[in-house]
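# Structural overview
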Amino acid sequence: MSEKKKQQKAPVCVGTTYTIEIHGTGSSGEGVGRYEGFTVFVPYALPNEMVQVKITLVKKNYAVGDIVEIITSSAERVDSQCEVYGNCGGCQLQHASYTEQLRLKTESVKAVIERIAKCDPNLVLPCIGPEEPWRYRNKMQMPVGGTIGNIRMGFYQKGSHSIINHEHCPIQDAGNDEIRNVCYGAMNELGIEPYDEHTEKGIIRHVVGRIGKDEWMVILVSRTPNIPRERELVDRIVKALPQVTSIVVNHNPKQTNVILGPTNRTLYGKDQITDYIKDLSFQLSPHSFFQVNPEQTTVLYDTALEFACLKGHETVIDAYCGTGTISLFLAHKAKHVIGIEIVAPAIEDAKKNALRNGYNNTEFIVGDAAVEMPRLYKQGIEPDVIVFDPIRAGCKEDVLHAAVGMAPERIVYVSCNPSSMARDIEILTKHGYELVKVQPVDMFPQTYHVEAVSLLTRNEVTQ
């Protein structure tokens, strides 16, 4: 036998069609099946379907293929509500009934809790969805391309930067469709040149819309500091859309996939708009992070507050507090809330948000949570609860160790990426904490994304 075990050849070939039964769902919402024991991922296929699949990619341990024909269709398969579904990269699950979408998301969280966190998957509760799984996004970011007289404004084609011209997105708030169509028409009529990312010429790169409860913001992302005929452009937007209270040009001259540049200039109205989560008000600037699904944000934060189980005497640390949204929910029931965030402008917004909403039991610190939490502990701060709401990459391991060192009774973990959350849960369970329950929340219907809130409590033997 050779020194290295010979690698078995994959039983499927690119360009060849195979009949495959779909038994599960992958991390990006695609169907998963097997051919002669070899894993095949099939976008837009559902569990319990038999499909004809043409292989497009073969790797060492898996293959990817496109549906040629659905031989046996799932009872949960439905017609999509979007004419560009399948070409646009924004949605992945419009072909599944909403009941099935919630089931698939529940199962996806169970899978990572069992496989990565090494915990009981039955601790995962059924995913909570909204009453209406359409028209929920209060923020749009539409790329702009093409040429003068033939502008393209819509969404990127799946897996590319080709722009699909599209007027009506069924997951966007209808107000964002209006913003898109007015800006599209005005740019065409005024001859304002769209940006070309290949030549790095042209003007408008993106049109961003924010729909608040009573106020709308339009952000025109421009390669140049000034936009030709910008006064006429503003007049047309304001005349057509009286709900718009802020129009901002954001200057982004770099060749980058990052949408917003560092500087803003207000062309019309206010620099910010006001939006709400329940009875809390927040000022939003072009760079402000704010959840895009207002109804489900309330569900998500109410769940975090419920898991924190506050009685009024507790000290709480919000270790990735951002602009203080979760902190203020916690402050409603806690004695004292300390928010920590490494991004200085976000902390300034958090302080303003606390003042605006009348909370004087909050404290916000700029810094790395891994540094600030041990410092607070040395000062005698012993939190009863620590809340995590990190970016998709999850928590730094030294932040988790700092949290364990502070020995809170409860840890509440809010996550937009259940896989990284599960990784962090495994670390916490090795250091004296027990996973009690996980609540998935569907913030992004029609897509594979799902958020989750986990509750961990300190083991009695470590107390």
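Residues numbered from 1 in each chain as written. Predicted model: local features only at pLDDT ≥ 70, side-chain atom pairs only at ≥ 80, totals over all residues. Heavy atoms only, no water.

### Things to note about the sheet that holds strand β6 (residues 139-147)
The seven strands are arranged β8-β7-β6-β9-β10-β11-β12 in an open sheet whose pairing can be described as mixed. With partners counted over all chains shown, the strands left at the sheet margins are β8 (163-165) and β12 (263-269), one partner each. Direction aside, the axes of adjacent strands within the sheet are offset by 30° on average. Relative to strand β7 (residues 150-156), β6 runs antiparallel, the two sharing four bridges. For G146, the partnering residue across the bridge sits in β7 and is I151. Of the strands in this sheet, β10 (216-222), β11 (244-251) and β12 are in contact with helix α3 (residues 230-240), which crosses β12 at around 55°. (Pairing = 2+ DSSP bridges. Helix = DSSP H or I, 4+ residues; strand = E, 2+ residues; numbered from the N terminus. Axes fitted to C-alpha atoms, helices over the stretch in contact; angles between N-to-C directions. Contact = heavy atoms within 4.5 Å.)

### Let's talk about helix α7 (residues 369-378)
At 3.6 residues per turn, the α-helix brings residues three or four places apart onto the same side. Those residues of α7 lying buried are A369, A370, E372, M373 and L376. Contacts from the buried residues of α7 go to β15 (315-318), β16 (336-341), β17 (362-366), β18 (385-388) and α8 (397-406). Within two residues after α7, G380 carries a phi angle of roughly 100°, on the positive side. (Buried < 20%, exposed > 50% of the residue type's maximum accessible area, 1.4 Å probe, protein only.)

### Description of the confidence of the model for the protein
Any region with low pLDDT has predicted coordinates that should not be read closely. Mean pLDDT over the protein stands at 95; residues scoring 70 or higher make up 98%. Segment residues 1-6: pLDDT under 50, and zero contacts once partners within four positions in sequence are set aside and those in other chains are kept. (pLDDT = per-residue confidence, 0-100.)

### Focus: the packing of helix α2 (residues 174-190) against α3
Packing of α2 against α3 leaves a shortest axis separation of 10 Å and a crossing angle of 145°. Every pair of crossing elements has a handedness; the one defined by α2 and α3 is right-handed. Within the contact between the two elements, α2 uses V182, C183, A186, E189 and L190 and α3 uses E232, L233, R236, I237 and A240. The class makeup of the residues in the contact of α2 with α3 is seven nonpolar, no polar and three charged. (Left-handed = near helix turned anticlockwise from the far one by under 90°. Nonpolar A, V, L, I, M, F, W, Y, C, P; charged D, E, K, R; others polar.)

### Topic: the packing of helix α1 (residues 98-115) against helix α9 (residues 418-429)
Between α1 and α9, the least distance of the axes is 9 Å, while the angle of their chain directions is 30°. The orientation of α1 relative to α9 falls into the category roughly parallel. Considering the relative orientation of α1 and α9, their crossing is right-handed. From α1, V109, V112 and I113 reach across to α9, where they touch P418, S419, M421, A422 and I425. (Parallel < 35°, antiparallel > 145°, perpendicular 65-115°, else oblique.)

### What about α8?
Of the positions making up α8, those classed as buried are V399, L400, A402, A403 and M406. One side of α8 holds all its buried residues, which, seen down the axis, span an arc of 160°. Buried-residue contacts for α8 involve β15, α7, β18 and α9. In the segment just after α8, A407 is the residue with positive phi, at about 55°. (Arc of directions from axis to C-beta.)

### Side note on the sheet that holds strand β4 (residues 50-58)
Pairing within the closed barrel is mixed, and its five strands lie in the order β1-β2-β3-β5-β4. Here the strands of the sheet are splayed against their neighbours by 50° on average, with no regard to which way each runs. Relative to β4, strand β1 (residues 17-25) is paired through five bridges, and the arrangement is antiparallel. For T19, the partnering residue across the bridge sits in β4 and is Q52.

### Details of the pattern of salt bridges
Under the counting rule described, the total for this entry stands at 17 salt bridges. Here K278 makes a salt bridge to D302, at a shortest N to O gap of 3.2 Å. One end of the pair, K278, is in the loop between β13 (273-277) and β14 (280-284); the other, D302, is in helix α4 (residues 294-308), and 24 residues separate them in sequence. Residues joined in a network through salt bridges with shared partners are K118, E426 and K430. (Salt bridge = Lys/Arg side-chain N within 4 Å of Asp/Glu carboxyl O.)

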